[in-house]
Amino acid sequence: MSSDNDIELKVVHTTCPYCGVGCGITAHVDQEQHRLQIQGDHCHPANFGRLCSKGSSLADTIELKSRLLEPTVYGRECSWSEALDMVADSFTSTIKQYGPDAVAIYGSGQLLTEDYYVANKLMKGFIGSGNMDTNSRLCMSSVVAGYKRAFGADTVPGCYDDYEQAEMIVLIGSNTAWCHPVSFQRIRAAKENNPDLKIVVIDPRRTASCELADLHLPIAIGSDTILFNSLLNYLNQQDALDQQYIRQHTEGWAETLISAQTSSSDSARVAEHCRLRPQDVELFFNWFASHKKVMSLFSQGINQSSSGTDKVNSIINCHLATGSIGKPGMGPFSLTGQPNAMGGREVGGLAHQLAAHMDFSNSKDIERVARFWNTHTIARKPGYAAVDLFNAIHDGKVKAIWIMGTNPVVSLPNADKVKQALQRCDFVVVSDCISETDTTALAHVKLPALGWSEKDGTVTNSERRISRQRALFEPAGSAKPDWWIVTQVARRMGYEHAFHYTRSVEIFREHAALSGYENNPQQQVRDFDISAFAEISQHDYDHLQPTQWPVNHEYPEGLQRLFADGHFFTPSGKAQFIAITPRRPVNLPNQDYPLILNTGRIRDQWHTMTRTALAANLNQHKPEPFVEIHPLDAQQYQLMHNTLALIESTWGKMMARVQLTDTQQQGTLFVPMHWTEQYASHGRIGALVNPVVDPISNQPESKHTPVRIKTYPAAWYGFILSRHPLKFKQPEYLIKVTGEQFYRYEMAGEEVPETWQAWTRHVLCNTHHETPQWQEYIDPSMGTYRAARILDNQLESIFFVAPTIDLPERSWLTGLFVKPVLKKDERLALLIGKPPLGTQDIGPIVCSCFNVGEKTIQAAIKEKELKSHQEIGLCLKAGTNCGSCIPEIKALL
Ligand code: SF4
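Computed from a predicted structure; not experimentally measured.

What counts as what
Residues numbered from 1 in each chain as written. Predicted model: local features only at pLDDT ≥ 70, side-chain atom pairs only at ≥ 80, totals over all residues. Heavy atoms only, no water. Helix = DSSP H or I, 4+ residues; strand = E, 2+ residues; numbered from the N terminus. Rg over C-alpha atoms; globule rule 2.2 N^0.38 Å. Buried < 20%, exposed > 50% of the residue type's maximum accessible area, 1.4 Å probe, protein only. Contact = heavy atoms within 4.5 Å. Areas by Shrake-Rupley, 256 points an atom, 1.4 Å probe, with all protein chains shown as cover. Lys, Arg positive; Asp, Glu negative; His and termini not counted. Charge placed at Lys NZ, Arg CZ, Asp CG, Glu CD. Pairing = 2+ DSSP bridges. Near = heavy atom within 4 Å. Nonpolar A, V, L, I, M, F, W, Y, C, P; charged D, E, K, R; others polar. Axes fitted to C-alpha atoms, helices over the stretch in contact; angles between N-to-C directions. Expected span 1.5 Å × (residues − 1). Arc of directions from axis to C-beta. Salt bridge = Lys/Arg side-chain N within 4 Å of Asp/Glu carboxyl O. Core = buried A, V, L, I, M, F, W, Y, C linked by side-chain atoms within 4.5 Å. Disulfide = S-S within 2.5 Å. Phe/Tyr/Trp six-rings, centres within 6.5 Å; stacked < 30°, edge-to-face > 60°.

Draft legend 1. Here's a closer look at the overall build of the protein chain. Looking only at helices and strands, the protein chain features 29 helices and 34 strands. Radius of gyration (C-alpha) of the protein chain: 27 Å, near the 29 Å computed for a compact globule of 893 residues. Each of the three principal axes of the protein chain carries a C-alpha extent, and together these read 80 × 65 × 60 Å. Burial analysis of the protein chain (893 residues in total) assigns 65% to the buried set. A fraction of 71% describes how many contacts in the protein chain between residues 6 or more apart in sequence connect residues 24 or more apart. With the model as given, the accessible surface of the protein chain reaches about 32,400 Å², and the carbon-plus-sulfur share is 49%. The centroid of the 84 positive side-chain charges in the protein chain is displaced by 2 Å from the centroid of its 96 negative side-chain charges.

Draft legend 2. Focus on the sheet that holds strand 5 (residues 76-77). Taking strand neighbours across the sheet as the criterion, the seven strands line up as 5-4-16-15-14-6-7 in an open arrangement whose pairing is mixed. Each edge of the open sheet carries a strand with a single partner, namely strand 5 and strand 7 (132-134).

Draft legend 3. Quick look at the site of the ligand. The ligand sits among Cys-16, Tyr-18, Cys-19, Val-21, Gly-22, Cys-23, Leu-51, Cys-52, Lys-54, Gly-55, Pro-181 and Val-182. Breaking the shell around the ligand down by element, the ones donating at least two residues are helix 1 (53-56) and helix 7 (181-193). Partitioning the shell around the ligand into residue classes produces nine nonpolar, two polar and one charged.

Draft legend 4. Seen up close, the sheet that holds strand 1 (residues 10-15). Taken together, the three strands give an open sheet; going across it, the order is 1-2-3, and neighbouring strands pair in antiparallel fashion. Edge positions in the sheet fall to strand 1 and strand 3 (35-40), since each has one partner strand and no second. The sheet shows a mean angle of 30 degrees between the axes of neighbouring strands, taken without regard to direction. One ladder, built from six bridges, connects strand 2 (residues 24-30) with strand 3; its direction is antiparallel. Bridging across to strand 3, Val-29 finds its partner in Leu-36.

Draft legend 5. Main features of helix 12 (residues 278-290). Between its first and last C-alpha atoms helix 12 spans 18 Å; for 13 residues at 1.5 Å apiece the expected length is 18 Å, and the two agree. Looking only at helix 12, the buried set comprises Asp-280, Val-281, Phe-284, Phe-285, Trp-287 and Phe-288. Across the axial projection of helix 12, the buried residues extend over an arc of 165 degrees, all falling on one side.

Draft legend 6. Layout of the pattern of salt bridges. Tallied over the full model, the rule gives 44 salt bridges. A salt bridge links Asp-662 to Arg-206, with the shortest nitrogen-to-oxygen separation between them at 3.1 Å. Taken together, the positions of Asp-662 in the loop between strand 24 (653-660) and strand 25 (668-672) and Arg-206 in the loop between strand 9 (198-202) and strand 10 (215-217) put the pair 456 residues apart, joining distant regions of the chain. Classification of Arg-206 by relative accessible area gives partly exposed; the value is 42%. For Asp-224, the salt bridge goes to Lys-311, with nearest N and O atoms at 3.2 Å. Placement of Asp-224 in helix 8 (residues 224-237) and of Lys-311 in helix 14 (residues 308-322) is noted, with a sequence separation of 87 residues between them. Accessibility classification places Asp-224 together with Lys-311 in one group, the buried group.

Draft legend 7. Geometry of the nonpolar core. By size, the foremost hydrophobic cluster in this structure holds 138 residues, and its most contacted members are Ile-202, Leu-227 and Phe-284. Setting aside anything within four residues of it in sequence, one finds Phe-284 in contact with Met-168, Val-170, Val-200, Ile-202, Leu-215, Leu-217, Leu-227, Phe-228 and Leu-231. Counting 65 residues, the second largest nonpolar core, distinct from the first, contains Ala-119, Met-132, Ala-449 and Trp-483.

Draft legend 8. Region of interest: the state of the cysteines. A complete count under the given rule lists zero disulfides for this structure. You can see Cys-159 has no disulfide; the closest cysteine sulfur is in Cys-23, sitting 15 Å from it. Residue classification places Cys-159 among the buried positions, given a relative accessible area of 0%. Just so you know, Cys-210 is unpaired, no disulfide at all, and the nearest cysteine sulfur is the one on Cys-179, 13 Å from it.

Draft legend 9. Focus on the environment of Leu-112. For Leu-112, the location among the structural elements is in the loop between strand 6 (103-107) and helix 3 (113-127). Distance in space between the C-alpha atoms of Leu-112 and Asp-196 is 40 Å, their sequence separation being 84 residues. Filtering out sequence-adjacent residues up to four positions away, Leu-112 remains in contact with Asn-340, Lys-455, Asp-456, Gly-457, Thr-458, Val-459 and Gln-469.

Draft legend 10. Summary view of the packing of aromatic side chains. The final tally for this structure, using the stated rule, is 35 aromatic pairs. Look at Trp-716 and Trp-756: their rings are 4.9 Å apart centre to centre, the planes differ by 75 degrees, and that puts the pair in the edge-to-face class. Separated by 40 residues along the polypeptide, Trp-716 in strand 27 (residues 716-722) and Trp-756 in helix 24 (residues 756-764) bring together distant segments of the chain. Take Trp-716 and Trp-756: they sit in the same class, and that class is buried. Summarising the aromatic geometry, the rings of Trp-756 and Phe-799 are spaced 5.7 Å apart at their centres and angled 55 degrees between planes, so their arrangement reads as tilted. One end of the pair, Trp-756, is in helix 24; the other, Phe-799, is in strand 32 (residues 794-802), with 43 residues separating them in the sequence.

Shape is all these values report; function is a separate question.
See the structure below:
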């Protein structure tokens, strides 16, 4: 393939760094110009060429402006050796004075398996503390605990191919359409090929995923265990059990059934508890009972709960009871959030784990890992899990923390306390590829890590498939691999003999060898076994094809499904039913905080936006933090659509744009999790979220926080669009959005400046030395002011302010920044804020891939009488690339 200049582009196969689908990418790399073209890898079994909007936009996120390029110590750039010495010396002296449990590492599902392995080895194997936890605690530790209880191992039984073979797919607490879009596309294709495939969505919200649903159960938040206990009961009553499977391969059935019978009665009562229609519950139960090939896909709506582990086991119980596990088209399947959440689990990234699926609950595991690592200082008990870890920092018990590739000041619950904890902490190290985050702002030492396009190692996706992330570019600045940084610190702390690595393949070999160490395949001691890679050559590692573990002597090519033989990794070899007694969420709504706050992701942003917010097209779909509220609740709290609201909980507060929607249940709010202080003055939802955790998994209850809401009493609303970034005194409400050749600032405040002219000149005039032409309009009686600056017949900046939200739509105005010159009628229309007659405003962006707006789609539907998303695709291309916007196109139809 050639670039514009006919330069031969290097083709590299790598893996998307965002969600747990783990899509393969074919990258065409122009190393000289530091440019990329991205395509889905047609040969990768996770996606077969598909990518979602986030994956498709990766080329726009590799810019160097935002990168951390040099190590810094107390704000001063320094050499690597100075920074590494400081980290090693500070950790060593803290351990000497206060013991090993006074230091900690907090990692991330963004780390490669090799990075994770050495970090965990350092902390648990040599420093001798269990204090290594990871942000994966926030998204899937409940399923780790649930699988372990049921199967004796943290094992996803099935694979993505099962989507195409299932007769029924149940999506539980998962907006797959937005959070795992390529999996959703595969499910959509499966449904198109087999219209008999039943799809049930169980979710309190009517999400984009309901587009495919034959049945949507808008369950009351937190009542999932009642529903699945009741399903178990129903399966028993209807004689829909696989009695032979239960007898031969499971234990604990009798107690579990009694528990299910005690906590659930007829479907009418269950429907009442779960706030569902009895006939819908009946239908779901009937479908589950009458189909053998049932897949239950679940995600954060199940895991992020104070009873998350029980929810997982209540689902697994139903699959064990019907024997629908380990065979094609069936099984309980957890969709993991992060690209390498699974890799982190394999190497022991969670504080209760050791490595290679061994943990602190088994003394034999501890001795085995100690033998393998040849260490006598191995930790012997679990460390602090994420929420407790930051509490321990706050309380001064942990005095030095090393945060790797994550942003806990935004993503953890009770995030203001996390911020305080880091402000109080004696020594905070952050290794990251991004320079300015809410967390790096509090670091004493910042260490520049490689970005996605420079990393070289492995990741594991939701279906246990190990894939290579390969380097596309040389490291930016002085950035180094995370494993290298850890290794250098470990050597300085005196552990040279155990941290001799010079290449990532050496770590991968050791990791693979540990997985097979004292792991007799005949006795099936541990399921995680990739010992076939223990002596992998550099060449074979470089060319490693995506493979599902186990990969050992018995399965040299990997294995699609586990447990087909009915053998599990419990002491008896049998799967365990877990008797579930449903529990209510810990903090219930009350007089002061009468609403339930639910949190989640949006389609085009990833986690705390450090990378996706760099891609202009990903910022257009949902540019501001928003709160979704049912219209009747909005009426009760006197909230108007598109105004601003203040949301408060016991723990903190935030501001968000009000969106009225009947997809939201009465009494509940939904707010996305992504915004940080880098992009929003008061957009950190983590500040409000309940720090209660599941007692088994320690996963926080991020889906259920009692809150109250009221209108933000703005005296004015305004926005600026500017060709250059602006610096100005922050009004109370400020949102920063990067667009295509422009920066957008959404604002509101309670105090009105003395004159808007003076304010505007002060804010806009410091960006350019040349004198622009001004257009201005002022209506003092209405409190409105509009100003535009034009330089060389191009729009330089434009500002609108009004006492209400009645401001022009931004889409036409933002489109003017990519125009080489403004036409006369466009100049005349600037301060009206509407396109000249005969020009169409595209409206809010629906299709990010082809920049197609809502108004364009509506006009095409009307004028060309389009009847399907396929027809719209043919006409406008919208929805024909990643397909993430198809649910919205269907809604417009
Ligand atoms: Fe990346 Fe999207 Fe695939 Fe997830 S679904 S791995 S975000 S391309």
